[in-house]
Amino acid sequence: MDYKKIDKKLTKNIWNLAYPSMISFLLETLYDLVDMIWIGKISKTALAGVTIFTTVFWLFTFFNELIGASSVSLISQYHGKKDYDRTRIVSEQTISFKIIMGILSGFLLFIFLKPILGLYSKNPDTIKCAMDYGYLRIFFIPFMFASYSINTIFRCHGDSKTPMQIMTIATIFNIILDPILMFEKVPFIGIKGFNLGVFGAALATVLSTILTVIIGGYFLYSNKNNIKVSLKGLLKMNRDIDKKLLTIGFPSAVENFTRSLFLAVLMKFIAHYGDAEITVIGIISKLMMFAFMPLEGFMMGGSVVVGHLIGEKNIDYAKRAADISARLNAYIMSVFTFLFIIFSKQAFMLFSHDQNILNIGVSIAPYVSISLPLEAYSLGKSVAFMGSGYTKPLLIATLVPQWLIQLPFAAFVTYGLNLPFKFITFSYPLYDLTFLIIILYFYKKDTWKTNKVTY
C-alpha cells in the first residue's frame with residue numbers, strides 16, 4: 001500500500017475542507033478582535049470592562065457546545081454513510097435545538113451578569129462599560145448559536161466555502177459599522193458617527209451576526225447548495241436524535257464550560273493585580289483566539305474527514321487523517337509563537353499605547369506562548385475524538401491540567417507567595433505539557449476507533 005499517496009490525498013481532502021473553514025473562523029474571530037481594537041481607543045477602562053464581560057460570556061456558551069460537538073459527529077458520519085435523509089433531520093434538529101439553548105443561555109446570563117461582574121471589579125466605570133457592551137449581546141445569543149449551526153451544517157456536508165463567503169460579508173459589514181456606531185467622528189475619515197461607545201461595538205457585532213443567519217438560512221432553505229432543510233423539520237423535535245445530540249455532546253460541553261470557568265477563576269486571580277493586568281490578559285486572549293483559528297480550520301476539516309471515513313468503516317485512513325491534522329497544527333502554531341515573541345510589542349500596540357500595559361504584555365509574552373505548539377499538536381490529534389463522537393478524552397485532558405495543576409499553581413503564586421503578576425503565566429507551559437500527555441494516552445488506546453454514534 002502506497003501510504004505516501006494516501007497521505008497526500010488525505011492532506012488534500014483536509015485542506016480543501018480546512019482552508020475555507022480556517023478563513024471563516026479567522027473572520028469570525030475578527031469580529032471581537034476589531035471590537036477590542038476600537039474599544040481600546042475609547043479608554044483602558046472600556047477595554048477592561050469588555051474583557052471582564054467576555055470572560056463571563058463564554059461561561060454560558062456551554063449550551064452551544066452541548067449540541068455543537070455532537071452535531072459534527074452525527075452529520076459527518078451520516079453523510080459518510082450516504083444516509084442523506086438522516087443527515088437532513090440531524091441538521092434541522094441542530095438548528096432548532098441551538099436556538100432553544102440560546103434562549104436559555106441568554107436568560108441565565110441576564111439574571112447573573114451584574115452580580116458576577118461585581119466579583120471582578122469595584123470600579124463603577126469598568127462595570128458600566130461591561131454592562132453597556134454586554135446586555136445587548138445577551139438578547140441576541142440565539143442568533144449567534146444559530147449562525148454557528150448553519151456554518152457547521154455546510155462544513156459537515158463537505159461545503160466549507162459557503163460559510164467562508166458568508167463570514168467575509170458579515171465581517172466587512174462589522175468592520176464598517178464599528179467606528180460609525182462607536183465614535184462621534186469616525187477615525188481617519190472624519191464623518192459624523194453615532195457616538196454610542198462600547199454599546200455601538202456590541203450593536204455592530206449583533207447586526208453582523210443577524211446578517212449571517214439571514215444569508216445562511218436562505219441558502220439552506222432554498223437548497224442552493226444541495227443542502228435542504230424544511231420549516232416543518234425545524235419545528236418538529238425528534239426524540240432519538242435529540243437524545244443523541246445531548247449525550248454525545250455532554251462531555252464536550254462540560255469540557256467547554258470547565259475551560260471557561262477556569263478562565264473566569266483565573267481572571268479573578270489576575271484582578272488581584274489590577275485593571276492593567278486584566279487588560280493585558282484580555283488582549284492576549286483575543287490574539288491567541290485569532291492564532292488558533294487556522295487550527296480550528298484544520299480541526300474542523302480533520303474531524304469531518306475522520307467522521308466520513310469512520311462512516312465508511314475505513315479506520316486506518318481515519319487514523320492517518322488525525323496524524324496529518326496534528327502535524328499541520330504544530331507547524332502553524334510554531335510559526336505564530338515565533339512571530340508573537342518577536343513582535344509582541346507591536347501586537348499590543350494595536351490595542352493600547354498605555355506604557356504600563358505594553359511593559360506587562362511584552363514581559364509575559366514568551367511564557368504564555370512558548371509551549372503553544374504542544375497544545376496545537378494535541379488538538380490536531382483530537383480530531384479522532386471529534387469525528388468519532390468519543391469526546392470524553394477532551395474533557396479529561398482539560399479538567400486535569402487546568403484544575404489540578406494550573407489553577408493551584410496560580411493560586412499559590414498569587415495568594416501564597418504574593419509574587420509579581422508574571423509568575424502566574426509560568427502555569428501555561430505546565431498546562432500544555434499535561435494536555436499533550438493525556439491526549440496521546442487516549443489516542444493510543446484506540447477506543448475512538450470503535451465508537452459508534454449512528455444507527
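Residues numbered from 1 in each chain as written. Predicted model: local features only at pLDDT ≥ 70, side-chain atom pairs only at ≥ 80, totals over all residues. Heavy atoms only, no water.

**Student:** Just to check I follow, could you spell out the overall build of the chain for this structure?
**Tutor:** Check the secondary structure of the chain and you find 18 helices and zero strands. Taking 455 residues into account, the globule formula puts the C-alpha radius of gyration at 23 Å, and the chain, at 22 Å, falls close to it. In terms of its C-alpha atoms, the chain occupies a principal-axis envelope of roughly 60 × 45 × 40 Å. Within the chain, residue pairs in contact and separated by at least 24 positions form 84% of the contacts whose partners lie at least 6 positions apart. Carbon together with sulfur atoms contributes 68% to the accessible area of the chain, which is approximately 19,000 Å² in total. Considering the chain, the positive charge centre built from 42 side chains and the negative charge centre built from 27 side chains are found 5 Å apart. (Helix = DSSP H or I, 4+ residues; strand = E, 2+ residues; numbered from the N terminus. Rg over C-alpha atoms; globule rule 2.2 N^0.38 Å. Contact = heavy atoms within 4.5 Å. Areas by Shrake-Rupley, 256 points an atom, 1.4 Å probe, with all protein chains shown as cover. Lys, Arg positive; Asp, Glu negative; His and termini not counted. Charge placed at Lys NZ, Arg CZ, Asp CG, Glu CD.)

**Student:** Would you mind showing me how to read the pattern of salt bridges here?
**Tutor:** Pairing is possible between side chains of opposite charge, provided their charged atoms come close. Applying the stated criterion to the full structure yields eight salt bridges. One salt bridge connects Asp354 with Lys44, and the closest N-O pair in it is separated by 3.4 Å. One end of the pair, Asp354, is in the loop between helix H13 (344-349) and helix H14 (355-369); the other, Lys44, is in helix H2 (residues 44-59), with 310 residues separating them in the sequence. Here Asp354 falls in the partly exposed class, since its relative accessible area comes to 23%. (Salt bridge = Lys/Arg side-chain N within 4 Å of Asp/Glu carboxyl O. Buried < 20%, exposed > 50% of the residue type's maximum accessible area, 1.4 Å probe, protein only.)

**Student:** Can you walk me through the environment of Phe257 in this structure?
**Tutor:** Locating Phe257 in the fold gives a position in helix H10 (residues 239-271). On the accessibility criterion, Phe257 (31% relative accessible area) is partly exposed. Every residue in contact with Phe257, bar those within four places of it in the chain, is listed here: Leu59 and Phe62.

**Student:** Before we go on, may I ask you to explain the side chain of Arg137 in this structure?
**Tutor:** Mapped onto the elements, Arg137 comes out in helix H5 (residues 124-139). Reaching out from Arg137, the side chain makes a polar contact with the side chain of Tyr133 at a distance of 2.9 Å. Once residues lying within four places of it in the same chain are set aside, the contact partners of Arg137 are Asp32, Phe53, Phe57, Met144, Ala202, Thr205 and Val206. (Polar contact = N/O pair within 3.5 Å; in protein donor to acceptor, adjacent residues only side chain to side chain.)

**Student:** Explain the environment of Ser369 here, please?
**Tutor:** The topology assignment puts Ser369 in helix H14. Classification of Ser369 by relative accessible area gives buried; the value is 0%. For the pair Ser369 and Lys185, spaced 184 residues apart in sequence, the C-alpha to C-alpha distance is 37 Å. Discounting residues that sit within four places of it in the chain, Ser369 has contacts with Met288, Thr337, Phe340 and Ile341.

**Student:** Before we go on, may I ask you to explain the environment of Asp85 in this structure?
**Tutor:** Tracing the backbone shows Asp85 in helix H4 (residues 84-117). Judged by relative accessible area, Asp85 falls into the partly exposed class, the value being 45%. A polar contact of 2.7 Å, which involves the side chain of Asp85, links it to the side chain of Arg88.

**Student:** Mind showing me how you'd approach the packing of H10 against helix H11 (residues 275-311) here?
**Tutor:** Helix packing for two helices is described by the angle between their axes and how far apart those axes are. At their nearest, the axes of H10 and H11 sit 8 Å apart, and the two run at 145° to each other. Contacts from Met267, Ile270 and Ala271 of H10 reach H11 at Glu277, Ile278 and Ile281. The class makeup of the residues in the contact of H10 with H11 is five nonpolar, no polar and one charged. (Axes fitted to C-alpha atoms, helices over the stretch in contact; angles between N-to-C directions. Nonpolar A, V, L, I, M, F, W, Y, C, P; charged D, E, K, R; others polar.)

**Student:** I keep staring at unusual backbone geometry and nothing clicks. Help me out?
**Tutor:** Note: most peptide bonds trans; most residues except glycine with negative phi. Here Phe188, not a glycine, exhibits a phi torsion of approximately 80°, which is positive. Relative to the assigned elements, Phe188 resides in the loop between helix H7 (161-182) and helix H8 (198-222). Phi at Asn195 is positive, roughly 55°, even though this residue is not glycine. By the element assignment, Asn195 lies in the loop between H7 and H8.

**Student:** Could you clarify how one ought to interpret the packing of aromatic side chains in this entry?
**Tutor:** Any two aromatic rings considered together are summarised by their centre-to-centre distance and by the angle between their planes. Applying the stated criterion to the full structure yields 24 aromatic pairs. Every member of this aromatic cluster is reached through a ring pair, and the members are Phe53, Phe57, Trp58 and Tyr133. The aromatic ring of Phe57 is capped on one face by Arg137, whose charged end is 5.2 Å from the ring centroid. (Phe/Tyr/Trp six-rings, centres within 6.5 Å; stacked < 30°, edge-to-face > 60°. Lys NZ or Arg CZ within 6 Å of the ring centre and 35° of its normal.)

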